[in-house]
2 protein chains.
Amino acid sequence: MLSSDDKKKYMQLAIEQAKTAEKQGEVPIGAVIVDPDGQVIGKGYNRRELDEDATQHAEMIAIKEACKHLGMWRLIDCSLFVTLEPCPMCAGAIINARIKDVYFGALDPKAGAAGSVIDLFAVEKFNHHPRVIRGLFKEQSSQMLKDFFRAIRQKQKLTKLQQDGSQKD
Amino acid sequence: MLSSDDKKKYMQLAIEQAKTAEKQGEVPIGAVIVDPDGQVIGKGYNRRELDEDATQHAEMIAIKEACKHLGMWRLIDCSLFVTLEPCPMCAGAIINARIKDVYFGALDPKAGAAGSVIDLFAVEKFNHHPRVIRGLFKEQSSQMLKDFFRAIRQKQKLTKLQQDGSQKD
C-alpha cells in the first residue's frame, strides 16, 4: 500500500523523466512504474522524435522496462505514474500488462483515453480494469507542457520574423 | 494503389508471420506493413510469451520495424495487414503512426478495437482515422486461432488425465 508521500515521490520521479524529455527537445511527458513493495521497476520519457518511432511514448518504454525487470508480461499489483493522461495506445498497453493503479497528472483533451475523449479503463468487456487516480501534480504536469509549446511558438515566430527581415534586405 | 491480388499476397504474408508465432508456441497472430509502392517495410508476429512483454503484439513489432525502415514516426499512406482485429493498444499505435489503411482477418469479440468491442478508428476527436477493411482471409485467420486453442485444451486435458492416473497408482 503506497502512502500519500510515496505517491508524491513517484509522481515527482515521473516529472523528472518529463524534464529529461524536454531537455532533448521532446514534448515533456514522463512515466514510472512501481512494484507492490514500492520499488521503481520501469521508467520512461517520450522519445517519439528522438527515436523516430510512433510507439515510443513514456508509458510504453516504462512498461517494457518493467516487464524485462520482472521477467513477465503481467505487471500485477504494479502502479504506473504518468504526467499526462494516457493515449489509447498507452491505455491499451496498461490493460494488456494488467497494471493495477494508474496515477496521472494533466488531462489530455485531444487524445486522453482515461476519460477525456474516451475511457478505455471503463469498457466492461475488456478483461482488466485499472483503478485511475487523476490530477496528481496536475498543475506542474500541465504547466510543463504549456511552457514547452509556448517556447516552440515563440521560436517559430522569431524564425518567421528573421525570414521576413532577410527577404526585405 | 494496391490491387486485389496485392492485398491477398500481403495478407498471406501476415498469415505466414502468424504461423511463425504458432511454431514457437505463441498465439498465432501476424502482421505486415506495406509502403505506397507495395514494398513490405515492417513485419511481426505475436511474441508476448517469448519476450515476456505485454507490448510485443504483431502490429507493434511491425510498426516499430516500419518506422525504423523509413526513419520517421509517420507511416503516411502505408497499409497494415493483420490476421486478427487490433486490440486497443495496437489500434492506438496505428492512429499514432498515421497508418492509412488497415486490413484485418478475424474479428476479436473479446478485445477488438476496430468495431467488435469499441471502434477507436471512428472516434471523431482523434486526429487520424484509418480506413478499415474487415474480413480478408477471415476464415483462415480465425481457423488458425481455433486450432491453436483446441490443441492447448487437448494438451491440458491429457496432462490432467496423466496426473489423475499417477495419483491413483
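These figures come from a predicted structure and were not determined experimentally.

S.K.: Can you help me understand the relation of the copies chain B and chain A in this one?
M.R.: Each of the two chain copies goes to the other by way of a rotation about an axis and a shift along it. For the match of chain B to chain A, the screw axis carries a shift of 0.0 Å, the RMSD comes to 0.1 Å, and the turn is 180°. What the rotation and shift describe, once combined, is the action of a two-fold rotation axis. Taking the C-alpha atom as reference, chain B places Met89(B) closest to the rotation axis, 2.0 Å from it. With an isologous cut-off of 70% or more, the 100% of interface residues of chain B that recur at the interface of chain A puts this contact in the isologous class.

S.K.: What's the story with the packing of helix H1 (residues 4-23) of chain B against helix H5 (residues 138-168) of chain B in this structure? I'm lost.
M.R.: Geometry of a packed helix pair, given as the angle between the helix axes and the separation of the axes. Residue and element names in this part refer to chain B. Look at H1 against H5: their axes get within 11 Å of each other, and the N-to-C directions meet at 5°. By the angle between their directions, the pair H1 and H5 is classed as roughly parallel. Note on element contacts: H5 touches H1 through Gln140, Ser141, Met144 and Phe148, opposite Met11, Gln12, Ile15, Ala18, Lys19 and Glu22. In terms of residue class, the contact of H1 with H5 is built from five nonpolar, three polar and two charged.

S.K.: I would appreciate a short explanation of the pattern of salt bridges in the present structure.
M.R.: Oppositely charged side chains can form a pair if their charged atoms are brought close together. Residue and element names in this part refer to chain A. Per the stated rule, a full pass over the model turns up 14 salt bridges over all chains. Taking the shortest distance from any N to any O, the salt bridge between arginine 48 and glutamate 49 comes out at 3.5 Å. Residue glutamate 49 is classed as partly exposed on the basis of its relative accessible area of 38%.

S.K.: Help me understand the nonpolar core, please; the structure alone is not making it clear to me.
M.R.: Most often, soluble globular proteins keep nonpolar side chains buried together rather than apart. Counting residues in each nonpolar core, the largest one holds 78 residues, and the members touching the most others are Ile33(A), Ile63(A), Ile33(B) and Ile63(B). In this structure, Ile33(B) is in contact with Gln39(B), Val40(B), Ile41(B), Gly42(B), Ala62(B), Ile63(B), Ala66(B), Leu75(B), Cys78(B), Ser79(B), Leu80(B) and Ile99(B), ignoring residues within four places of it in sequence.

S.K.: So what exactly am I meant to see when it comes to the sheet that holds strand S4 (residues 101-106) of chain B here?
M.R.: Across a sheet, paired strands are connected by hydrogen bonds in the backbone, their directions being either parallel or antiparallel. Residues and elements named next belong to chain B. One open sheet accounts for five strands, arranged S2-S1-S3-S4-S5; its pairing is mixed. Of all the strands in the sheet, the pair left with one neighbour each is strand S2 (40-45) and strand S5 (131-134). Within this sheet the neighbouring strands show an average axis-to-axis angle of 15°, counted without direction. Across four bridges, the pairing between S4 and S5 is parallel. What sits directly across from aspartate 101, in S5, is arginine 131. Most of the contacts of H5 go to S4, to which it runs at about 55°, and overall it touches strand S3 (79-84) and S4.

S.K.: Mind showing me how you'd approach the interface of chain B and chain A here?
M.R.: As a measure of interface size, the accessible area lost when the parts come together is often cited. On the chain A side, the residues contacting the 32 residues of chain B number 32 residues. It is Glu52(B), Lys64(B) and Trp73(B) in chain B that bury the most area against chain A; as a group they hold 24% of the surface buried on that side. Counting across the interface, chain B meets chain A through two salt bridges. The partner of Asp53(A) in a salt bridge is Lys64(B), with the nearest N and O atoms 3.0 Å apart. Contributing elements (two or more residues each) for the side of chain B that touches chain A: helix H2 (48-51), helix H3 (58-70) and helix H4 (88-96) of chain B. No other element matches H4(B), which puts five residues into the side of chain B that touches chain A.

S.K.: Help me out: how do you make sense of the UniProt feature "binding site: Zn(2+)" (unreviewed entry) in chain A in this one?
M.R.: Taken from the UniProt record, the annotation "binding site: Zn(2+)" (unreviewed entry) applies to His57(A), Cys87(A) and Cys90(A). The largest pairwise C-alpha distance within this set of annotated residues, which runs over 34 residues, is 9.2 Å, so the set is compact in three dimensions. Note that Cys87(A) resides in the loop between strand S3 (79-84) and helix H4 (88-96). Overall, the relative accessible area of 9% leaves Cys87(A) in the buried class. When neighbours within four sequence positions are excluded, Cys87(A) is seen to be in contact with His57(A), Glu59(A), Ala111(A), Ala113(A) and Asn96(B). Assignment of secondary structure puts Cys90(A) in helix H4. Given a relative accessible area of 0%, Cys90(A) falls into the buried group.

Definitions and limits used
- Residues numbered from 1 in each chain as written.
- Chains lettered and ligands numbered in written order.
- Predicted model: local features only at pLDDT ≥ 70, side-chain atom pairs only at ≥ 80, totals over all residues.
- Heavy atoms only, no water.
- Least-squares fit on C-alpha atoms with pLDDT ≥ 70 in both.
- Contact = heavy atoms within 4.5 Å.
- Axes fitted to C-alpha atoms, helices over the stretch in contact; angles between N-to-C directions.
- Helix = DSSP H or I, 4+ residues; strand = E, 2+ residues; numbered from the N terminus.
- Parallel < 35°, antiparallel > 145°, perpendicular 65-115°, else oblique.
- Nonpolar A, V, L, I, M, F, W, Y, C, P; charged D, E, K, R; others polar.
- Salt bridge = Lys/Arg side-chain N within 4 Å of Asp/Glu carboxyl O.
- Buried < 20%, exposed > 50% of the residue type's maximum accessible area, 1.4 Å probe, protein only.
- Core = buried A, V, L, I, M, F, W, Y, C linked by side-chain atoms within 4.5 Å.
- Pairing = 2+ DSSP bridges.
- Buried area = accessible area lost by both parts, 1.4 Å probe.
- UniProt positions renumbered as here; feature names shortened; annotations may be inferred.

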